[in-house]
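Given next are the chains, with one letter for each unit.
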Amino acid sequence: MKRMFFAIVASLFVGLSNCFAQSAKVVVFEGDAYNYEGTNGDCYEVSWLDGYEHDPIPVSKARLETFSAEKGQGWCYVNPRVNVRQKPSIKARVMFKTSSDGENMADYAYPCFGKTKNWYKIKLPNGRFGYVRQDLARWQASGFTGPRRKPHNLSSVSY
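Residues numbered from 1 in each chain as written. Predicted model: local features only at pLDDT ≥ 70, side-chain atom pairs only at ≥ 80, totals over all residues. Heavy atoms only, no water.

**Thoughts on the packing of aromatic side chains**
All told, the structure shown has three aromatic pairs when counted by the stated rule. For the ring pair Phe-96 and Tyr-110, a centre distance of 6.3 Å and an interplane angle of 80 degrees mean the geometry is edge-to-face. In this pair, Phe-96 sits in strand S9 (residues 94-97) while Tyr-110 sits in strand S10 (residues 109-116), placing the two residues 14 residues apart along the sequence. With respect to burial, Phe-96 and Tyr-110 carry one shared label: buried. Considering the side-chain rings of Phe-113 and Phe-129, the 4.9 Å spacing of their centres and the 75 degrees angle between planes classify their relative orientation as edge-to-face. Within this pair, whereas Phe-113 is found in strand S10, its partner Phe-129 is found in strand S12 (residues 129-133), the two being separated by 16 residues in sequence. Residue Phe-129 is classed as partly exposed on the basis of its relative accessible area, which comes to 34%. (Phe/Tyr/Trp six-rings, centres within 6.5 Å; stacked < 30°, edge-to-face > 60°. Helix = DSSP H or I, 4+ residues; strand = E, 2+ residues; numbered from the N terminus. Buried < 20%, exposed > 50% of the residue type's maximum accessible area, 1.4 Å probe, protein only.)

See the structure below:
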């Protein structure tokens, strides 16, 4: 039941990808990127992962940047059971299929390494790069930095 609920939420979440911007202001602090919400005195007001609150960050200890998918920044949240291709074309060889084993959106997060037309270039768990169609993923500036959890049960995924 829990997986079915998540699959429905994930489909809705990712299915809205064309409604989201391809660039966003972020506050970079200690190697992590947070969504920029505004400046309040000598602190940046930030949020983490779609609005989750985070403590204000001192302006003196962080920097404000604009991240974009085109520059190969941020993260792609890819729908479960999506073909990741060797090149940005539906005719290209499928090299990876995303799993449906995750229990939250972090399990579907892949580092973004650029955007070509309607395709995101992502880094796969095995270190290789692949492409996923924009309509099957959602780009976000902030994401899961630092030590990454395995995004999938790799024994159930074919390369």
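**Quick look at the nonpolar core**
Membership of the largest hydrophobic core comes to 20 residues, with the highest contact counts inside it found for Phe-67, Cys-76, Val-78, Tyr-120, Ile-122, Val-132 and Trp-139. Residue assignment for this core shows that the elements contributing at least two residues are strand S1 (23-29), strand S7 (75-78), S9, S10, strand S11 (119-123) and strand S13 (137-140). Ranked by size, the runner-up nonpolar core spans seven residues in total, among them Val-27, Phe-29, Tyr-44 and Ile-57. (Core = buried A, V, L, I, M, F, W, Y, C linked by side-chain atoms within 4.5 Å.)

**Here we look at unusual backbone geometry**
For Glu-30, which is not glycine, the phi dihedral falls at a positive 50 degrees. In this fold, Glu-30 is placed in the loop between S1 and strand S2 (32-40).

**So, the confidence of the model for the chain**
For the chain, mean pLDDT is 75; residues scoring 70 or higher make up 69% of the total. Per-residue pLDDT, averaged within each element of the chain, yields its smallest value for helix H1 (residues 2-15) (41) and its largest for S12 (96). Low pLDDT, under 50, characterises residues 1-19; the predicted model gives this stretch 30 contacts beyond four residues in sequence or across chains. Low pLDDT (under 50) marks residues 145-159, which in the prediction has 39 contacts with non-local residues, meaning those over four places away or in another chain. (pLDDT = per-residue confidence, 0-100. Contact = heavy atoms within 4.5 Å.)

**Here we look at the environment of Val-132**
By the secondary structure assignment, Val-132 is in strand S12. Along the chain, Val-132 and Asn-83 lie 49 residues apart, while their C-alpha atoms are 7.0 Å from each other. When near neighbours in sequence (up to four residues on either side) are disregarded, Val-132 contacts Val-78, Val-82, Asn-83, Asn-118, Trp-119, Tyr-120, Ile-122 and Ala-137.

**Looking at the pairing of S2**
Pairing of S1 with S2, which is carried by four bridges, proceeds in the antiparallel orientation. Among the inter-strand pairings, Val-28 is bridged to a residue of S2, identified as Ala-33. What sits between the antiparallel neighbours S1 and S2 is a turn of two residues, in which Glu-30 has the positive phi angle 50 degrees. The pairing of S2 with strand S3 (residues 43-48) spans five bridges and is classified as antiparallel. Along S3, the bridge assignment pairs Asn-40 with Cys-43. Linkage of S2 to S3, two consecutive antiparallel strands, is achieved through a turn of two residues, within which Gly-41 is found at a positive phi near 65 degrees. (Pairing = 2+ DSSP bridges.)

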